[in-house]
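Structure at a glance
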Amino acid sequence: MGSISETPGYDRQAELKTFDESQAGVKGLIDSGITEIPSIFHIPPHLVDARPVVGPSDGFTIPIIDLAGASGEKRKQIVEEIREASAKWGCFQVVNHGAPLRVLEGMDVAVRGFFDLDLEEKKEFFGRDTTKRFVYNSNIDLYYSPFATWRDSTLFHLQPDPPLPHEFPLCYRGIALEYCKEVLKVGDVIILELLSEALGLNPNQLKEMGCAKGIYVVSHYYPACPQPELTQGTSLHQDNDFITVLYQDHNGGLQFLHQDHWVDVPPVQGLLSSTLEICSRQLYFRFLSTLIRLC
């Protein structure tokens, strides 16, 4: 059977344009009561990824590194754990990282609050110019990706020129910059230093090279999908940055490609994930992630 894109008279560009100009995103589609997703979200048959999905029950567990004692006697051990995890996986998770749970969960609430706003309020921030102070859209690669993914997003630059408080949506004010401050301590002060040492460099080497100078924050929202077998929340990709620090909510959905398997990363309260140029996707739905990307 041919795909819908091969149907005579089908105008994909027109469908993309209609979706984009609505500025409502996938949340708007759900709010409208759809039971079938638009064809622009269908994965073309030749792009369906049949590689197996595995998890802890199959013996595939993303390393979890306890950062308690990183400034003391356990530092050497933690550096070695980071070296091993980075070499084998390209990613790891961290606990006892110092970012308060109330701040992580507060950012979660803020992002959900934004996507629950009335459409007219969200439209104020809609756009595809990622140099703007704060941007909301659906699928930044909408017009050139082979299929649209089932997610809406917000993005803002944190460094070198973060938004002023009044430039955020009301629900972001206060918590957004507090969240960034706390997670930057993890990404900049702790992980970059420890990673430098794992590479045999002095602790400040990566920071002195400028690996934390260009920072932006991306939040993804994945509404429940009526036909999840036809699409994905995020397609296979590699982050185009040096390091990503990610917080996922309790619904989970994060996966990494490892040894030709998709590895599920179960959500753990307060856990942060760090990735280094890793292939990843989010396959499931009702999942929200907030990322701080360095470089």
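Please read these numbers as outputs of a predicted model, since none were measured by experiment.

So, about the overall build of the protein. Helix and strand counts for the protein come out as 7 helices and 13 strands. Computed over its C-alpha atoms, the radius of gyration of the protein comes to 20 Å, within 12% of the 19 Å expected for a compact globule of 295 residues. Sequence separation of 24 or more characterises 77% of the internal contacts of the protein that already satisfy a separation of 6 or more. In the structure as shown, the protein presents an accessible area of about 13700 Å², 54% of it carried by carbon and sulfur atoms. Across the protein, the centroid of the 25 positively charged side chains sits 4 Å from that of the 39 negatively charged ones.

Further remarks concern the UniProt feature "domain: Isopenicillin N synthase-like Fe(2+) 2OG dioxygenase" (unreviewed entry) in the protein. On the UniProt side, "domain: Isopenicillin N synthase-like Fe(2+) 2OG dioxygenase" (unreviewed entry) is annotated at positions that read residues 217-270 here. Between the first and last C-alpha atoms of residues 217-270 the distance is 18 Å; the span itself is 0% helix and 48% strand.

With that settled, consider the environment of D152. Within the element layout of this structure, D152 appears in strand β5 (residues 152-159). Given the relative accessible area of 0%, D152 is considered buried. A polar contact of 3.0 Å, which involves the side chain of D152, links it to the backbone nitrogen of K27.

Conventions adopted
Residues numbered from 1 in each chain as written. Predicted model: local features only at pLDDT ≥ 70, side-chain atom pairs only at ≥ 80, totals over all residues. Heavy atoms only, no water. Helix = DSSP H or I, 4+ residues; strand = E, 2+ residues; numbered from the N terminus. Rg over C-alpha atoms; globule rule 2.2 N^0.38 Å. Contact = heavy atoms within 4.5 Å. Areas by Shrake-Rupley, 256 points an atom, 1.4 Å probe, with all protein chains shown as cover. Lys, Arg positive; Asp, Glu negative; His and termini not counted. Charge placed at Lys NZ, Arg CZ, Asp CG, Glu CD. UniProt positions renumbered as here; feature names shortened; annotations may be inferred. Buried < 20%, exposed > 50% of the residue type's maximum accessible area, 1.4 Å probe, protein only. Polar contact = N/O pair within 3.5 Å; in protein donor to acceptor, adjacent residues only side chain to side chain.

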